[in-house]
Amino acid sequence: MDAICRLCSSTKFVNNYIFDEENALFLKMSLYLPFKILKNDRLPQKICDKCSCKVNDFYQFCNEAIEVQSKLRSILIASGIPYGDGDNCSATEAESYSSTLNIKVLLERETQTERDEATNVEVDIKVKKK
């Protein structure tokens, strides 16, 4: 059964042992996949090269997204702009926003498959008048 990828059922390039401590695939998969991976569950213990790249990229993407959220919230706090549970507002709430704060944010993007230079992003943050 180890000749089948545990994630996509491919039989090609199934070279990556999930529980190899050096690659930490088990940890990466356990953090973000919606099902449990157990060492003794009798399912395949390997994944293919393609899935291994996806797991690593997704792990990195999730961690970067978490870091960016933290940076953006820090910028809001430093600017004196309150944020809270209303981060995802409805269209009618969005219409009640009255001013815009333009913030330039420097984001570094890098994945396992591609490496980009730092990217300047302009973010418009709408501030609700109280």
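Conventions used here
- Residues numbered from 1 in each chain as written.
- Predicted model: local features only at pLDDT ≥ 70, side-chain atom pairs only at ≥ 80, totals over all residues.
- Heavy atoms only, no water.
- Salt bridge = Lys/Arg side-chain N within 4 Å of Asp/Glu carboxyl O.
- Helix = DSSP H or I, 4+ residues; strand = E, 2+ residues; numbered from the N terminus.
- Buried < 20%, exposed > 50% of the residue type's maximum accessible area, 1.4 Å probe, protein only.
- Disulfide = S-S within 2.5 Å.
- Core = buried A, V, L, I, M, F, W, Y, C linked by side-chain atoms within 4.5 Å.
- Contact = heavy atoms within 4.5 Å.

## With respect to the pattern of salt bridges
Taken as a whole, this structure holds two salt bridges when the rule is applied. Close ionic contact of Asp41 with Arg6 constitutes a salt bridge, the shortest N to O distance being 2.3 Å. Pair noted here: Asp41 is in the loop between helix H1 (25-32) and strand S2 (46-47) and Arg6 is in the segment before strand S1 (16-17), with a separation of 35 residues, a long-range link. Relative accessible area serves as the criterion here: at 23%, Asp41 is assigned to the partly exposed category. The partner of Lys71 in a salt bridge is Glu67, and the shortest N-O contact between them spans 3.4 Å. Placement of both Lys71 and Glu67 in helix H2 (residues 49-78) is noted, with a separation of four residues, approximately one turn of the helix. Judged by its relative accessible area of 38%, Lys71 is partly exposed.

## Notes on the state of the cysteines
Taken as a whole and judged by the stated rule, the model has zero disulfides. Left without a disulfide partner, Cys48 is nearest to the cysteine sulfur of Cys51, which lies 3.7 Å away. Looking at Cys51, it has no disulfide partner, and the nearest cysteine sulfur is the one in Cys8, 3.6 Å off.

## Topic: unusual backbone geometry
Phi at Phe13 takes a positive value of approximately 55 degrees, unusual for a residue other than glycine. Judged by its relative accessible area of 60%, Phe13 falls in the exposed class. Positive phi is not limited to glycine here, since Arg42 has a value of about 70 degrees. Its location among the elements puts Arg42 in the loop between H1 and S2.

## Notes on the nonpolar core
Listed in full, the eleven residues of the largest apolar core are Cys5, Val14, Ile18, Phe19, Leu25, Met29, Ile37, Ile47, Cys48, Cys51 and Val55. Looking at this core, the elements with two or more residues in it are H1 and H2. In this structure Cys48 touches Cys5, Cys8, Lys12, Phe13, Val14, Asn15 and Asn16, once residues within four positions along its chain are discounted.

It is worth stressing that arrangement in space is one thing and function is another; only the former is reported here.
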